[in-house]
Amino acid sequence: APTPAPAPVDTIPPVVLSADTLPTDSTALSEEDSLKLPPISDQLDAQIDYTSTDSLVMWGNGTAFLHGKGDIKYKEINLTADYIRVKIDSSTIYAAGVYDSITDEWTGRPVFKEGENDSYNSYEMSYNIKTKKAFVRHVVAEEGEGYIIADKTKIMEDGTMMLADGKYTTCDDHEHPHFYLNLSKAKMKTGEYVASGPVWLVVGDVPLPLALPFAFFPFTDTYSSGLIMPTFGDDQTRGMYLRGLGYYFALNDYFDLELTGDIYSRGTWSVQARTKYRKRYKFSGSISASYRNDIIGEKGMPDYSKNTNFALQWTHSQDTKANPYSSFSASVNFSTSGYNRSNINAYYNATQNSENTKSSTINFTQRFPDSPWSLSMNASVNQRTKDSTLSLTLPNFTISMSQIYPFKRKNPVGKERWYEKITLRYNASGGISVRNIKEKELFHSNFFRDWQTEVKHTIPMSASFTLFKYINVSPSINYNERWYFQRIDQSWDDMQNQLVRDTTNGFYRVWDVSMSLSASTKLYGFFIPSRKLFPNSRVDRFRHVLTPSLSLNYTPDCDPIRAKIDHNYYGTYEKPVTTMAGSVVYETVEYSRFQGRSVPGRGNVGSLSFSLGNNLEMKIFNRKDTTGKEPTKIISLIDNFSISGGYNFMADSMNWSNFNTSIRIKLPKPLNYTINLSGSWDPYLYGLNASGNPVRTNRRCWQEGKFLHFKGTSTSFSYTFNNEVFRKWFGKEKKKKDDVFDPGWDMDDPYAVDPETGELITDEQREEAMLAKKEFEKNHKEVVDDVSDWDFADIPWSLTLNYNIRYGESNIFDYEKMNYKMRFTHNLSASISLGLGKGWKATTSLSYDFYAKKLSNATINVTRNLHCWTMSGSFVPFGPFKSYTFHIGVNAGMLSDLKYDKTSADATNNKVNWW
């Protein structure tokens, strides 16, 4: 750093200003040796205020020296430094820092401020109060996200700065910036711009052969429009390109607009439009649209292809403060099926390429104050990119009435009546939809043939009662009615030998009624171990909680009633079938006239479902605690073990449903992990039909002396290892030396005296002190690494393992055992994060399928934080998305185009942005 000029040698006896030597019309010095002087020239129309914390010395030649945090104020100008020299006759001020030989640092370097925003730091400076010109050594000025650093600077009377040997950087290390643009000569207008002659890039004090003949950096503290610089390079399939060229429009305070485009030498082009909008306390969102014309290969060649694709993204959210009764939100992600596959920007993104489904929704909800009614509307689009099909609902509405008590008295007197507990709700929903239609057929679809309209009404009634104080009973009745406006009748055409569908438009009611009755309770059981057999056991007792529940469901057969009003939901037709003997017979085929929609089943349906939940806990305590004040501890042995199943009384065969079991176990510290297992059991045996194919039969397992057939189970285990986990596992606890419990008297002395009362300590005081000591020692412990000399805290790392396991039926039938063969499949995935040093971080994720005996897609990422730069690399070593990317660039947004990118999609070895 340049050394400031030393203070002049005392050749004239100094005159130290004090209260005794000041003129009678001057202001007395304060405790900080401050002095206010009258104007020193006819050109100065305001007073100059001097302040210093050490001393203020006036020489006989009109020169004043301020030592120790000097401060000078003149109008809007403020200059602070540890050393200031003022020449009264020439109206010049010199300021510099002071070198501290003890700390080997410069302190109190000049800070010049004019107005509210213009502030400069420097090594030393000279300033003329009359002309408002200054010469500064090593000025540092902050502009936006960047800093201007210049070794020599002239400040003109209008505030313009002339720079020599300047630097422009976003690095906040002003002494040794990690990178900067070297400005040979430059002109800066504070808050407006920096214009420079030849500039070149310097990284790590090494000049790079990247230069420009001139540069212009605009600055503004408000939004502004401007050109968006592109990325250029070369692609193997599309040729040379310019990507991201466009213009940014700062339209107003509420929204903006960004228009960009891509162009390739072989004909591919695209345009994008993006906008963000926001109104505080009202709403916010963004819209992005893209249109692509993709051309791959050379025209006339076999690999030539041309595709047109479109994409639209829209997100909108309403602030909860805007309206407490209504809300509007949108999440739209729509694109043609080939957009991601043909978009080179997404080709090496495994997430986008593996995306098979997309969904978009728009929602509006209106709630009415002091009313149970609410209204909601939504539109949705579901895409399946695998086969380019769409399912749309435009729109869908829902009218809901929240739970009410229709029989509750307005002025209740006495106990609540049983019928007052009955609740009623209502829900109506409907919409216009089309399902599984091809993208190219959407705009050519027939509204009456392809689109479906339906309205559904649901009226549930329920209540809850307590029988015999311990059994909770809940009856309910549900009425469902659907309105359809199309019906499809089917018949078989013998002449054409094909099925004929006839669509009839009209109004059709589809309704059904269902009833249910459920009951549940809890049973508690306790087991206390024998104190004679286990005298030293800490186990107080075991508690077993049984939670049985039953549910009876009944749906009456309403077909006779519906048939009388011509609401037949099912139809039949005769279809010819050729037998194995060669003869033709007709079989009756039953079908639903509302295919693809919900219709009631035929016949009565009555079933009983049941479940039994179990919970087992153990209560332990300290047997040595005779006071009974030490808290007991509850340990969960089995958090839940449940068995459930069902029986259909009205089914003609195979009345039993599958039995389901599940168990949940919570592991104690230090694991703190929960294990979940579930399985399914089939009560029926398999057999062979007339064609020799396996089918389930009505023969129950216990009729053949066999146990229920196990269909399979699956679970997953996930755990994260890191520094903190290793400390808990392998560290040992040790009391701190300074943390010693002291009640104020000797706890080992049986004749200890209370220092406040002077009386002997009672037994109650000793018991309270013992409990307080145990609590104190419990909370005053530290963990000491006892594994090795390596401190795990020095290297941040984490390892997350996820193990998925399944044991269940396969699709291969074992004709000897008359069961499907069981298959064991498991998969292990790992995610590793490792800090490799200051600024370095590496992450990787991979998965291994033990059944397929191969690794699935793996990704390796390495990042390096270079303070003001960031370097990152990503590598997919194998699989269909095998690729690599490399990026190094400046973190600051205003220099985001100063970067180097390299991907495996580039045919050339270099791709550099330099603007």
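Please refer to the structure placed before this passage.
All values reported here derive from a predicted model rather than from experimental measurement.

J.: What exactly am I supposed to notice about the environment of Val140 here?
T.: Position of Val140 among the secondary structure elements: in strand E13 (residues 134-143). A relative accessible area of 8% places Val140 in the buried class. Along the backbone, Val140 and Glu175 are 35 residues apart, and their C-alpha atoms lie at a distance of 9.9 Å. With residues near it in sequence (within four places) discarded, Val140 still touches Ser119, Tyr120, Asn121, Ile148, Ile149 and His174.

J.: Any chance you could explain a negative patch on the surface here in plain terms?
T.: Together, Asp763, Glu764, Glu767 and Glu768 make up a region of like negative charge exposed at the surface. The class of Glu764 is exposed, set by a relative accessible area of 60%.

J.: Even after reading the chapter, I still don't get empty space enclosed by the protein, so can you show me in this structure?
T.: To find leftover empty space, one rolls a probe the size of a water molecule over the atoms. Under the counting rule described, the total for this entry stands at two cavities of 30 Å³ or more. When its volume is computed, the largest cavity comes out at roughly 50 Å³. Taken together, Ile72, Tyr74, Ile77, Leu79, Ile93, Tyr127 and Ile129 make up the lining of the largest cavity. When residues of the lining of the largest cavity are traced back to their parent elements, those giving at least two are strand E5 (63-74) and strand E6 (77-87). Its residues assigned to classes, the lining of the largest cavity comprises seven nonpolar, no polar and no charged.

J.: I would appreciate a short explanation of the pairing of strand E27 (residues 305-318) in the present structure.
T.: Successive side chains on a regular strand alternate, one facing one side of the sheet and the next facing the other. Here 14 bridges tie strand E26 (residues 283-296) to E27, and the two strands are oriented antiparallel to one another. Across the sheet, Ser290 pairs through a bridge with Ala311, a residue of E27. Where E27 lies against strand E28 (residues 326-335), six bridges are found, and the strand directions are antiparallel. Following the sheet pairing, Ala311 is matched in E28 by Ser335.

J.: What is the right way to read the side chain of Asn480 from this model?
T.: Topologically, Asn480 is positioned in strand E35 (residues 471-493). At 3.5 Å, the side chain of Asn480 and the side chain of Thr458 are in polar contact. Excluding its chain neighbours within four sequence positions, the residues that come into contact with Asn480 are His457, Thr458, Val510, Trp511 and Asp512.

J.: Help me understand a nonpolar patch on the surface in this model?
T.: Taken together, the side chains of Leu227, Phe232, Leu242, Leu245, Tyr247, Ile263, Trp269, Val271, Tyr291 and Phe310 define a hydrophobic patch exposed on the protein surface, amounting to about 870 Å² of accessible area. Contributing elements (two or more residues each) for the nonpolar patch: strand E23 (239-249) and strand E25 (269-279). Looking at the nonpolar patch element by element, the count peaks at three residues for E23. Relative to the elements of secondary structure, Tyr291 occurs in strand E26. Assessed through its relative accessible area of 35%, Tyr291 is described here as partly exposed.

J.: I'm lost on the packing of aromatic side chains in this one. Help?
T.: The geometry of an aromatic ring pair is captured by the separation of the ring centres together with the interplanar angle, meaning the angle of the planes. Taken as a whole, this structure holds 33 aromatic pairs when the rule is applied. Between the aromatic rings of Tyr686 and Phe813, the centroid separation amounts to 5.9 Å while the plane-to-plane angle is 70°, which identifies the pairing as edge-to-face. Note that Tyr686 is positioned in strand E45 (residues 684-688) and Phe813 in strand E50 (residues 797-814), a separation of 127 residues in sequence. The pair formed by Tyr686 and Phe813 is uniform in burial state, with each residue classed as buried. One aromatic cluster is present, formed by Phe610, Tyr647, Phe649, Trp656, Phe659 and Trp702 through successive ring pairs. Directly above the aromatic system of Tyr405 lies the positively charged group of Lys408, at a separation of 5.3 Å from the ring centroid.

J.: Sorry if this is basic, but what is going on with the pattern of salt bridges here?
T.: Note on pairing: side chains with opposite charge can pair once their charged atoms come close. Enumeration according to the criterion identifies 21 salt bridges in this entry. For Glu617, the salt bridge identified is with Arg543, shortest N-O distance 3.1 Å. Of this pair, Glu617 sits in strand E41 (residues 605-620) while Arg543 sits in strand E38 (residues 539-555), and the two are 74 residues apart along the sequence. Residue Arg543 is classed as partly exposed on the basis of its relative accessible area of 30%. Connected through shared salt-bridge partners, Arg238, Asp262, Arg292 and Asp294 make up one network.

J.: What should I look at first to understand unusual backbone geometry in this one?
T.: A negative phi angle characterises most non-glycine residues, just as the trans form characterises most peptide bonds. Cis peptide bonds are those with omega within 30 degrees of zero, and the linkage from Leu394 to Pro395 qualifies with -15°. Mapped onto the elements, Pro395 comes out in strand E31 (residues 389-404). One non-glycine residue with positive phi stands out, namely Phe468, at about 55°. Take Phe468: it is sitting in the loop between strand E34 (465-467) and E35. At Met654, a residue that is not glycine, the phi angle is positive and equals roughly 50°. For Met654, a relative accessible area of 27% corresponds to the partly exposed category.

J.: Just to check I follow, could you spell out the pairing of strand E47 (residues 709-722) for this structure?
T.: Across five bridges, the pairing between strand E44 (residues 674-682) and E47 is antiparallel. Among the inter-strand pairings, Trp681 is bridged to a residue of E47, identified as Phe710. Where E47 lies against E50, 11 bridges are found, and the strand directions are antiparallel. Counted as the bridge partner of Phe717 is Tyr803 from E50.

Analysis parameters
Residues numbered from 1 in each chain as written. Predicted model: local features only at pLDDT ≥ 70, side-chain atom pairs only at ≥ 80, totals over all residues. Heavy atoms only, no water. Helix = DSSP H or I, 4+ residues; strand = E, 2+ residues; numbered from the N terminus. Buried < 20%, exposed > 50% of the residue type's maximum accessible area, 1.4 Å probe, protein only. Contact = heavy atoms within 4.5 Å. Patch = residues over 30% accessible without salt bridge, like charges linked within 9 Å, V, L, I, M, F, W, Y side chains within 5 Å. Areas by Shrake-Rupley, 256 points an atom, 1.4 Å probe, with all protein chains shown as cover. Salt bridge = Lys/Arg side-chain N within 4 Å of Asp/Glu carboxyl O. Lys, Arg positive; Asp, Glu negative; His and termini not counted. Charge placed at Lys NZ, Arg CZ, Asp CG, Glu CD. 1 Å grid on protein atoms, 1.4 Å probe; cavity = no way out; pocket = protein on both sides within 12 Å on 5 of 7 lines; lining within 4 Å. Points joined across faces, edges and corners; volume = space filled by probe spheres on them. Nonpolar A, V, L, I, M, F, W, Y, C, P; charged D, E, K, R; others polar. Pairing = 2+ DSSP bridges. Polar contact = N/O pair within 3.5 Å; in protein donor to acceptor, adjacent residues only side chain to side chain. Phe/Tyr/Trp six-rings, centres within 6.5 Å; stacked < 30°, edge-to-face > 60°. Lys NZ or Arg CZ within 6 Å of the ring centre and 35° of its normal.

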